[in-house]
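Residues per chain are reported as follows:
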Amino acid sequence: MIEQQLRDTGDFLALTLANPDGLSPCHFTLDNGTAVEVWDTGVIAFQPVNYGTKDIILSCGVHGNETAPIEICAEIVKDILTGKLLLAERLLVLIGNPAAINLGKREVTENLNRLFSGHHSKGAGVINAERKRAKDLEHYVSRFYQQSEGERQRYLYDLHTAIRGSRFEKFAVYPFLHGKPWRKQQLQFLAACEVTTVLLMQTAASTFSYYASNTHGADAFTIELGKVQPFGQNDMTRFAKTAQTLRALLTATLAELPPFSAAHFHLYEVYRAINKQTQDFKLHFADDVENFTSYPMGTLLATDGDLEYRVEREGEALIFPNAKVAIGQRAMLMVIPKDVSKQLI
Ligand SMILES: [Zn+2]
């Protein structure tokens, strides 16, 4: 029944949202020979007959209200299932948090993107649906990467949209590589997706992209494509170049990327994380300030009881401010421009 529905409509998103808690596995083969395997709700793997050397994972909906990436991935899956898009690489598409998508909310009980690399089992353990999903998604990622043999290139692009606006509409988070060099070719690919602002992390994280990077050696990124909008209200033309570049990657029709030039990018590193220490924590700028906004040296950014946080560095910019986090959690990240010329391959 699932097979017939998918063959007829290609609408894996509808099938997923109608079955947010689970879907019986099934597999079938398209007329063009591509093998299709449904592993779970929101989890679908494809293997074309003559596939290339890339194992590609696209994920969306890790935060349930971030709809544009879900629409991008759902369209790709539909076009594969209906034979319009001829895959040239192995592909796993993950719709992260179907229950939260149905609610139109970022999460049901816990931020799924803080639960990877085993964080799902820490503290109280696997006590809610998001923790179980994080654990399951890790399992599916492992299974997908381990199913292919020989020299393979692994990728994971985890697509998001940000809660607030951004001075640079699209940006990516490059997970901490533990001293390994950042890859020019990946930055060039991001630029082809119209993502030219990249935050280079210097610490381990509990995100999905860090998990794929650190555990599986994948080139993995969290990609923020713009501001959150409800389903159907996204201006999809703003994402057209990104979707087109992802499709070119999947079909091995990517045009040669222009040579790398640092001048094309805004590259940042984390300068400091400001953690909320008391109930009195307060941000001293407007609620709707954009990510990557910077202020003159000495500007008061936040107070926390007797503590004052002021701009300390030229070009220091803020991202992800949120005064409402729990005490002890990160309330804001401060970043500074980074010269990476010697740390790229
Ligand atoms: Zn998100």
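Residues numbered from 1 in each chain as written. Predicted model: local features only at pLDDT ≥ 70, side-chain atom pairs only at ≥ 80, totals over all residues. Heavy atoms only, no water.

## Quick look at the nonpolar core
Nonpolar side chains tend to gather and get buried jointly when the protein is soluble and globular. If you look at the biggest cluster of nonpolar residues, it comprises 60 residues, and the most contacted ones within it are Ile-44, Phe-46 and Tyr-157. Broken down by element, the residue count for this core peaks at nine residues, all from helix H3 (residues 67-81). Not counting chain neighbours up to four residues away, the residues in contact with Phe-46 comprise Thr-34, Ala-35, Val-36, Val-77, Ile-80, Leu-81, Leu-87, Arg-90, Leu-91 and Val-93. One finds Val-62, Ala-134, Tyr-145 and Ala-212 within the second-largest nonpolar core, a separate group that totals 22 residues. (Core = buried A, V, L, I, M, F, W, Y, C linked by side-chain atoms within 4.5 Å. Buried < 20%, exposed > 50% of the residue type's maximum accessible area, 1.4 Å probe, protein only. Helix = DSSP H or I, 4+ residues; strand = E, 2+ residues; numbered from the N terminus. Contact = heavy atoms within 4.5 Å.)

## A word on the packing of aromatic side chains
Each aromatic ring pair is summarised here by two numbers: the centre-to-centre distance and the angle between the ring planes. This model, assessed by the stated rule, comprises 15 aromatic pairs. Look at Phe-144 and Tyr-145: their rings are 5.9 Å apart centre to centre, the planes differ by 50°, and that puts the pair in the tilted class. Among the residues examined, Phe-144 registers a relative accessible area of 1% and is labelled buried. Since its relative accessible area comes to 1%, Tyr-145 is described here as buried. Plain terms: the ring middles of Phe-171 and Phe-320 are 6.0 Å apart, the flat faces sit at 45° to each other, and that makes the pair tilted. Here the residue Phe-171 occupies a position in strand E7 (residues 171-174), and Phe-320 occupies one in the loop between strand E15 (317-319) and strand E16 (330-337), the gap between them amounting to 149 residues. Ring pairs connect the aromatic residues Tyr-155, Tyr-157, Tyr-174, Phe-189 and Phe-221, which therefore count as one cluster. Seen from the ring of Phe-144, Arg-90 lies directly overhead, with NZ or CZ sitting 4.3 Å from the centre. (Phe/Tyr/Trp six-rings, centres within 6.5 Å; stacked < 30°, edge-to-face > 60°. Lys NZ or Arg CZ within 6 Å of the ring centre and 35° of its normal.)

## Digging into the side chain of Arg-90
Tracing the backbone through its elements, the reader meets Arg-90 in strand E5 (residues 90-95). On the basis of relative accessibility, which here comes to 1%, the residue Arg-90 falls in the buried class. A polar atom in the side chain of Arg-90 sits 3.0 Å from the side chain of Asp-55. Among residues more than four places away in sequence, those in contact with Arg-90 are Phe-46, Gln-47, Pro-48, Tyr-51, Lys-54, Asp-55, Ile-56, Phe-144, Gln-147, Ser-148 and Arg-152. (Polar contact = N/O pair within 3.5 Å; in protein donor to acceptor, adjacent residues only side chain to side chain.)

## Details of the pairing of strand E6 (residues 153-162)
Taken across its ten residues, E6 has eight buried, putting it largely inside the fold. Across six bridges, the pairing between strand E4 (residues 54-60) and E6 is parallel. In the strand pairing of E6, Lys-54 is matched with Gln-153. Inspection of the sheet shows E6 paired to strand E9 (residues 219-227) by seven bridges, in the parallel sense. (Pairing = 2+ DSSP bridges.)

## A look at the UniProt feature "domain: Succinylglutamate desuccinylase/Aspartoacylase catalytic" (unreviewed entry) in the chain
UniProt annotation of "domain: Succinylglutamate desuccinylase/Aspartoacylase catalytic" (unreviewed entry) refers to residues 54-249 when read in the numbering used here. Taken end to end, residues 54-249 is 34% helix and 20% strand, and its two terminal C-alpha atoms sit 9 Å from one another. (UniProt positions renumbered as here; feature names shortened; annotations may be inferred.)

## A short note on the environment of Glu-130
As for its placement among the helices and strands, Glu-130 is situated in helix H5 (residues 129-146). Once the C-alpha coordinates of Glu-130 and Arg-114 are considered, the two residues, 16 residues apart in sequence, prove to be 9.9 Å apart. Non-local contacts of Glu-130, meaning those with residues more than four positions away in its chain, are made with Asn-97, Glu-107, Val-108, Thr-109, Glu-110, Leu-112 and Leu-115. A polar atom in the side chain of Glu-130 sits 2.9 Å from the backbone nitrogen of Thr-109.

## Some thoughts on the coordination of the zinc ion
At this site the zinc ion is bound by His-63 (ND1), Glu-66 (OE), Glu-66 (OE) and His-160 (ND1), with donor distances of 2.0 to 2.3 Å. Sequence spacing among the residues donating to the zinc ion works out to H-x2-E-x93-H. Of this pair, Glu-66 sits in the loop between E4 and H3 while His-160 is found in strand E6, placing the two residues 94 residues apart along the sequence. With relative accessibility at 2%, the residue Glu-66 sits in the buried group. (Donors = N, O, S within 2.8 Å, 3.2 Å for Na, K, Ca; no water.)

## Things to note about helix H6 (residues 184-192)
Taken residue by residue, H6 has Gln-186, Leu-187, Gln-188, Phe-189, Leu-190 and Ala-192 as its buried positions. The inward-facing, buried residues of H6 abut E6, E7, strand E8 (197-200), E9 and helix H8 (240-250). Directly after H6, the chain includes Glu-194, whose backbone phi takes a positive value near 65°.

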